[in-house]
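Overview (structure and organization)
For reference, the chains in residue letters:
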Amino acid sequence: MKAFLHATAVAVFVLALPNAGGTGGAVAAVQATPQVSAVDAAPFLGEWTLALEGPNGPAAFTLAISAVGDNVAAEISSEMLEKQPISTIALRGKSLDLAYSFLYEGNAVDAVVSLTPDQDGKTAAQIDFAGGAYVMNGTATKKEKGKEG
């Protein structure tokens, strides 16, 4: 119940901000970048756990990135968010950016997930909701093949 209230508070906060329903600058930037190929996205392929913190507290997401022929597909989910397909995927420098939109109470909310590896082998994660209106930051951990977790 606590997770539901947290997710609801986040969604209400995001939707109450200006530009919550429109395409934000971050989504437009991802859409304007050429789609990444499966070869270029190879380091990011797999299932990830995102441990993020936002102004309203922590949240965990599951992000699955896969190769479909030479293209890349992805989906994101959480305890409170059913699987959302992601089809707009691009490389920006070292970062993989994944843009999608979801409905909350009939309103479209744009989001961009960014994964950025660092020199220490760790990967930073961010979700930018509604063009920067609500941002969550944290880490992404790739699940090892053959291990549950």
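Details of the structure are given in the entry above.
Description of the structure in this document. Quick caveat, the model's predicted, so the values are computed rather than measured.

Digging into the nonpolar core
The biggest cluster of nonpolar side chains holds 32 residues, and the ones touching the most others in it are L50, L63, I65 and I76. Those elements that place two or more of their residues in this core are β1 (46-54), β2 (57-68), β3 (71-78), β6 (95-104), β7 (107-117), β8 (123-129) and β9 (134-142). For this core, the element with the most residues is β6, which contributes 5 residues. Residue contacts for I65: discarding those within four places in its chain leaves F44, L45, G46, W48, V72, A73, A74, L96, L98 and L115.

Concerning the pattern of salt bridges
This model, assessed by the stated rule, comprises 3 salt bridges. Linking E47 and K143 is a salt bridge whose minimum nitrogen-to-oxygen distance equals 3.0 Å. With E47 in strand β1 and K143 in the segment after β9, this residue pair connects regions lying 96 residues apart in the sequence. Residue E47 is classed as partly exposed on the basis of its relative accessible area, which comes to 34%.

A look at the packing of aromatic side chains
Between two aromatic rings, the relevant description is the distance of the centres plus the angle of the planes. Applying the stated rule across the entire model yields 3 aromatic pairs. Ring geometry for Y100 against F102: centres 6.1 Å apart, planes inclined by 35°, an arrangement best described as tilted. You'll find Y100 and F102 in the same group, each marked buried. Seen in terms of ring centroids, F102 and F129 are 6.1 Å apart; in terms of plane orientation they differ by 90°. Their pairing is edge-to-face. A residue pair is termed long-range when its members are at least 10 positions apart, and F102 in strand β6 and F129 in strand β8 qualify at 27 residues.

Description of the environment of A130
Tracing the sequence through the fold places A130 in the loop between β8 and β9. In this structure, the C-alpha to C-alpha distance between A130 and D110, residues 20 residues apart in sequence, is 5.1 Å.

Quick word on the pairing of β3
Two elements, β2 and β3, share 8 bridges in a ladder whose sense is antiparallel. Within the sheet, the bridge partner assigned to F61 lies in β3 and is S78. In textbook terms, the turn of a hairpin is the stretch between consecutive antiparallel strands, and for β2 and β3 this stretch comprises 2 residues, one of which, G69, has a positive phi near 65°. Across 3 bridges, the pairing between β3 and strand β4 (residues 84-86) is antiparallel. Bridge assignment links A74 to a residue of β4, and that residue is I86. Hairpin geometry of β3 and β4 is characterised by an intervening segment of 5 residues between the two adjacent antiparallel strands.

As for the side chain of S37
With respect to the helices and strands, S37 occurs in the loop between α2 (25-32) and β1. Look at S37 and you get buried, because its relative accessible area is 18%. Look past the residues within four positions of S37 in its chain and what remains in contact with it is D70 and V72.

Concerning the sheet that holds β7
With antiparallel pairing, the 9 strands of this open sheet are ordered in space as β4-β3-β2-β1-β9-β8-β7-β6-β5. One side of each edge strand has no neighbouring strand; the edge strands of this open sheet are β4 and β5 (88-92). If you compare each strand with its neighbour and ignore which way they point, the axes differ by 25° on average. Pairing analysis gives 7 bridges linking β7 to β8, with the strands arranged antiparallel.

Rules and cut-offs
- Residues numbered from 1 in each chain as written.
- Predicted model: local features only at pLDDT ≥ 70, side-chain atom pairs only at ≥ 80, totals over all residues.
- Heavy atoms only, no water.
- Core = buried A, V, L, I, M, F, W, Y, C linked by side-chain atoms within 4.5 Å.
- Buried < 20%, exposed > 50% of the residue type's maximum accessible area, 1.4 Å probe, protein only.
- Helix = DSSP H or I, 4+ residues; strand = E, 2+ residues; numbered from the N terminus.
- Contact = heavy atoms within 4.5 Å.
- Salt bridge = Lys/Arg side-chain N within 4 Å of Asp/Glu carboxyl O.
- Phe/Tyr/Trp six-rings, centres within 6.5 Å; stacked < 30°, edge-to-face > 60°.
- Pairing = 2+ DSSP bridges.
- Axes fitted to C-alpha atoms, helices over the stretch in contact; angles between N-to-C directions.

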